[in-house]
Amino acid sequence: MREAQDNAVVLLSGGLDSATVLAIARDDGFACHALSFDYGQRHAQELDAARRVAQTLGAAEHRVLTVDPQALAGSALTAGVNGQAAPEVPKHRDEAQLDQGIPSTYVPARNTLFLSYALAWAEALGARDIYLGVNAVDYSGYPDCRPEYLAAFQAMAALATRDGVEGRPVRIHAPLIELTKPQIIERGLALGVDYGQTHSCYDPTDQGPCGACDACLIRIRAFASFGLTDPAMAVAAKGTGAKETGP
């Protein structure tokens, strides 16, 4: 365990993975400084979820930075480029289809941008540790979630910062990197994460998660492996007065 005064920056999207990582960083003994981004994402409900999770899991601080949406355009999660329509969010894909190429929900250079902001804030705080929630499911499709990418970013950070040059390089923690989604859920539940407060859906409605996009289906299948209903879906069902159904 680390002393409480040791700071860590935690990238917090408000989704299942980042909530689990925040709980892990807290359990590791860090004072957690959570960092979220408003980049024009269509699933903006995640920012409300991030605020809830940060408060519930006792983040020392939570910042939401605004990034020009056009800097991250060209994804199904953001906007089209030069006035063109954004790609469609894929729906109802099976597990085999999830492994086929880079999906339209890939956001150009998102993790590089987010980690760069996290690196700057970490250096300002005197923190040497950055946590993020990438995992095996992510890096099967997203190039900026791969272990070799994180190793390369950490090497770059050691060269590009004063702390790195002076022998105090930042450490990039991806504790979920080799875990399946059920394993992540199991770890989070053991640490007291309330997954009903999280939001992962790529194409939500005013009533809640769509239940058909890749993010929703991965969650639903993972909770079903424990004989459970995804708590986020259950919360949405209660909010609309719909009858809850188990997986």
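Residues numbered from 1 in each chain as written. Predicted model: local features only at pLDDT ≥ 70, side-chain atom pairs only at ≥ 80, totals over all residues. Heavy atoms only, no water.

Caption draft 1: Quick look at the overall build of the protein chain. When helices and strands are counted, the protein chain shows 10 helices and five strands. Classification of the 247 residues of the protein chain by burial places 48% in the buried group. Here the contacts in the protein chain between residues at least 6 apart in sequence split such that 72% fall between residues at least 24 apart. (Helix = DSSP H or I, 4+ residues; strand = E, 2+ residues; numbered from the N terminus. Buried < 20%, exposed > 50% of the residue type's maximum accessible area, 1.4 Å probe, protein only. Contact = heavy atoms within 4.5 Å.)

Caption draft 2: Up close: the packing of helix α4 (residues 110-125) against helix α6 (residues 147-160). At a minimum axis distance of 12 Å, the contact between α4 and α6 shows a crossing angle of 40°. With respect to the hand of their crossing, α4 and α6 are arranged in right-handed fashion. Listed contacts from α6 to N111, T112, L115, S116 and L119 of α4 are Y149, L150, F153 and A157. For the contact of α4 with α6, the residue count by class is six nonpolar, three polar and no charged. (Axes fitted to C-alpha atoms, helices over the stretch in contact; angles between N-to-C directions. Left-handed = near helix turned anticlockwise from the far one by under 90°. Nonpolar A, V, L, I, M, F, W, Y, C, P; charged D, E, K, R; others polar.)

Caption draft 3: Spotlight on the state of the cysteines. Counted by the stated rule, this structure contains zero disulfides. C216 forms no disulfide, and the closest cysteine sulfur to it belongs to C201, at a distance of 3.6 Å. (Disulfide = S-S within 2.5 Å.)

Caption draft 4: Representation of the sheet that holds strand β1 (residues 7-11) within the structure. The sheet built from five strands is open, its strands ordered β3-β2-β1-β4-β5 with parallel pairing. Each end of this open sheet is capped by a strand with a single partner; those strands are β3 (61-66) and β5 (171-173). Each neighbouring strand pair of the sheet contributes to a mean axis angle of 25°, computed without reference to strand direction. Sheet analysis places β1 next to strand β4 (residues 129-131), joined by three bridges and oriented parallel. Bridging from a neighbouring strand, V9 pairs with I130 of β4. (Pairing = 2+ DSSP bridges.)

Caption draft 5: Region of interest: the pattern of salt bridges. All told, the structure shown has eight salt bridges when counted by the stated rule. Here D48 and R51 are joined by a salt bridge, their closest N and O atoms 3.2 Å apart. Here R51 and D48 lie together in helix α2 (residues 45-56), a separation of three residues that amounts to about one turn. Residue R51 is classed as partly exposed on the basis of its relative accessible area, which comes to 42%. Two residues, R168 and E166, come together in a salt bridge whose shortest N-O distance is 2.8 Å. For E166, a relative accessible area of 46% puts it in the partly exposed group. Taken together, the salt bridges that share partners define one network made up of D163, E166 and R168. (Salt bridge = Lys/Arg side-chain N within 4 Å of Asp/Glu carboxyl O.)

Caption draft 6: Quick look at helix α1 (residues 16-27). Under the 1.5 Å per step criterion, the end-to-end length of α1 is 17 Å for 12 residues, consistent within 8% with the ideal 16 Å. In terms of residue burial, α1 counts as a mostly covered element, since 10 of its 12 residues are buried. Directly after α1, the chain includes G29, whose backbone phi takes a positive value near 100°. (Expected span 1.5 Å × (residues − 1).)

Honestly, it's all geometry; don't read function into it.
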